[in-house]
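# A closer look at the structure
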Amino acid sequence: MDIYSYKIFERKVIIKIKTRICETSEELLGSKLFKEILTRCIHYLNRRKSPLLAFLGDEEINDVQIATLAHTLKILVRVPADVVPNMVKGSELFLKHKKSLSEFIEYLYNYWRYYDRFVICTSDIEAFDKRPYRIFNSTVEMLAHLVRGTYRDLQENLTNKHPRVYRQVSAGTEVAVIAQPKPVDLPQGPYKKLEGIPLIRQALVYPPLVLNPPMNKRTGRFVKVDRNPLELVDIDPDQWICYPAKVGPLNIHIFIHQKFYELGFSLANLFEMVEDDEVSKKPDAVYAFGVQEEQVKDLGEYPTVFYDDLEQDMMVAAVPNSKNFGYFGYLKKMVLTLHNIIMMKRGRFPYHGALVNIMLTNGSSATMLLIGDTGAGKSETLEALRILGEKYIRDMIIIADDMGSLAQGQQNNILGYGTEIGAFLRLDDLQPGYAFGQIDRAIIMSPSMTNARIVLPVTSIENVLKGWNVDFVLYANNYENIDQDHPIIEICAHYQDALHIFREGMVMSKGTTTTTGLTHSYFANIFGPPQYKKMHEGLAQKYFQAFYNCGVKVGQIRTRLGIDGFEMEGPKQAAKELLELISAQ
């Protein structure tokens, strides 16, 4: 197997290649990687005293036996079992118990598939970067067919039976990327540690991708520190990869340690990748996700830190590689924190919310911003609106699912921008069947746990960056029930009343972090505004006054997502009210 290198640790297999991997079953079964997987599998079963090793008889397992078994399988893949003893000395031991050996091969096949499997093409040939399908078709896709075909040939030659049903399960790699070191205009000093880390230029994902990261919740907060974390950390380029992300208008280089590759590769469903003509330019921020914990633990109250490098005009962030931080939320939210801070410095108002443009069949349209904390019901209400308004909605364009920024236009109008092309949603809060309808594009995380999540693309970078004239700004209130004095949608008469609601940032926690119950967060956005509160407060006063000056309707919408029994009905009724509000435009 012509593999440049590979690593196996925890539940990951990382294969780095130049131009090709194995092309035949004999190459596959003769490879070092196969022998290591075989050895690991046998020792695992042996520790459990598994009956799946009955084909070994009473023999004690040793390296010679395993090597003979590997050779036996290499021959068995191309000839019937009865012929193999004439070709491989010692194979008769295994073939005396064909049923047991068949069950072991089945288990070995699934044992391989149990791993998260990644291929990284590191070819030095520049042309390969521009013609990715040539590489992917000849390596990645072929690998899946080859592994399945090898498994089937082994079973058929062993049992002399042919299955009636063939299941095209994921058997090769789950994610493949082309990643190459490229010159990047990084500042001098500690930033030079990032040189030589390959930048992802193409990605191939085989959904549905089901991941079980170490954590399923985020805790603590992101802390602004007074020292650049890159000064303290050691970076081995061989253990890192960079996803250059287009975050709204910004270019943020996200460096991912191999321990968190599965989370890093999931960024392909969330952020657009920076184009070739921009990737070498100086990034607006850099983020090292997976540094050694002991090297940053004393920087702040929490080791999830960021630094504002005023001299170099660069934001820097770092999060440890401890399993306590192995949650996609740490990756996504830190990136958006960096975005929010930079936007504030540029005079824009960052928001934590969903921004969508809705066009109805009666000719009415509106661009609506729903602001609220995680679990407030923003995405759920918009999804309910999409379903309920199927007969009345001509188009529904998502501009931002989670965060973005507002700017004042030349006519003093308010323009809304997004950050992501994807969404990171709670499975429990989606309409029944929605996730299954999107499964052919989905990356699913922690499916059997509380706060199970799905990451999937929902819009285009053109929609994110266009700049949409905002008509409504509503706070997503998930904790109050409705009555005569508390309607589903309540428009505030004065900007100070609206400011109070948004500043309080109240939400009934849905268990997406370690907080529970009714909580407060400044503008429902702990990702930048509290750390730069003076700057943000000035922007809030300016923009909320501007809302009223240019006719933007501001208030709150009661989704009731945090009230027991209203997890589905609350967003559904809120969506009905939104539909009526837009129709009246």
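Here's a quick rundown of the structure. (Residues numbered from 1 in each chain as written. Predicted model: local features only at pLDDT ≥ 70, side-chain atom pairs only at ≥ 80, totals over all residues. Heavy atoms only, no water.)

Turning next to the overall build of the protein chain. Per the secondary structure count, the protein chain includes 17 helices and 27 strands. Relative to a compact globule of 585 residues, whose C-alpha radius of gyration would be 25 Å, the protein chain shows 27 Å and is just as compact. When its C-alpha atoms are laid out on the principal axes, the protein chain stretches across 90 × 55 × 40 Å. Per-residue burial over the protein chain gives 58% buried out of 585 residues. (Helix = DSSP H or I, 4+ residues; strand = E, 2+ residues; numbered from the N terminus. Rg over C-alpha atoms; globule rule 2.2 N^0.38 Å. Buried < 20%, exposed > 50% of the residue type's maximum accessible area, 1.4 Å probe, protein only.)

In this section: the environment of Asn451. Counting through the fold element by element, Asn451 comes out in the loop between strand S20 (443-445) and strand S21 (453-457). Residues Asn451 and Leu425, 26 residues apart in the sequence, show an inter-C-alpha distance of 9.1 Å. Of the polar contacts made by the side chain of Asn451, one reaches the side chain of Tyr327; its length is 3.0 Å. Reaching out from Asn451, the side chain makes a polar contact with the side chain of Arg453 at a distance of 3.1 Å. (Polar contact = N/O pair within 3.5 Å; in protein donor to acceptor, adjacent residues only side chain to side chain.)

This paragraph deals with the sheet that holds S21. Strand order in the open sheet made by the four strands is S6-S20-S21-S19, with mixed pairing throughout. Where the open sheet ends on each side, the last strands, each with one partner, are strand S6 (209-211) and strand S19 (422-426). Across the sheet, the mean angle from the axis of one strand to that of its neighbour is 20°, orientation sign disregarded. Direction of pairing for S6 relative to S20: parallel, over a ladder of three bridges. Looking at the pairing, Leu209 lines up with Ile443 of S20. (Pairing = 2+ DSSP bridges. Axes fitted to C-alpha atoms, helices over the stretch in contact; angles between N-to-C directions.)

With that settled, consider the nonpolar core. Ranked by size, the top nonpolar core spans 89 residues in total, and within it Tyr287, Phe502 and Phe544 carry the most contacts. Among the elements that line this core, the one with the most residues is helix H11 (residues 328-345), at 11 residues. When near neighbours in sequence (up to four residues on either side) are disregarded, Tyr287 contacts His253, Ile254, Phe255, Ala317, Ala318, Val319, Tyr330, Leu331, Met334, Val335 and Leu338. If you look at the next biggest cluster of nonpolar residues, it comprises 54 residues, including Ile42, Leu53, Ala70 and Val77. (Core = buried A, V, L, I, M, F, W, Y, C linked by side-chain atoms within 4.5 Å. Contact = heavy atoms within 4.5 Å.)

Let's shift gears to the environment of Thr139. Summarising the element assignment, Thr139 is placed in the loop between helix H7 (132-138) and helix H8 (140-159). Remark: the alpha-carbon pair of Thr139 and Ile21, spanning 118 residues in sequence, is separated by 6.1 Å.

An ideal rise of 1.5 Å per residue puts 24 Å on 17 residues; helix H16 (residues 533-549) measures up with 24 Å between its terminal C-alpha atoms. When we look at burial in H16, the residues that qualify are His536, Leu539, Ala540, Tyr543, Phe544, Ala546 and Phe547. Angular distribution of buried residues about the axis of H16 spans 155°; they occupy a single face of the element. Those residues of H16 that are exposed and aimed more than 90 degrees away from the buried face are Lys534 and Asn549. Two residues or fewer after H16 comes Gly551, characterised by a positive phi angle close to 90°. (Expected span 1.5 Å × (residues − 1). Arc of directions from axis to C-beta.)

Another point: the packing of aromatic side chains. Inspection of the entire model under this criterion finds 24 aromatic pairs. Pairing Phe523 with Phe544 gives two aromatic rings, centres 6.1 Å apart and planes at 65°, and the pair type is edge-to-face. Separated by 21 residues along the polypeptide, Phe523 in the loop between strand S26 (518-520) and H16 and Phe544 in helix H16 bring together distant segments of the chain. Phe544 shares its class with Phe523; the two are buried. Positioned above the aromatic ring of Tyr417 is the side chain of Arg348, whose terminal nitrogen or guanidinium carbon lies 4.1 Å from the ring centre. (Phe/Tyr/Trp six-rings, centres within 6.5 Å; stacked < 30°, edge-to-face > 60°. Lys NZ or Arg CZ within 6 Å of the ring centre and 35° of its normal.)

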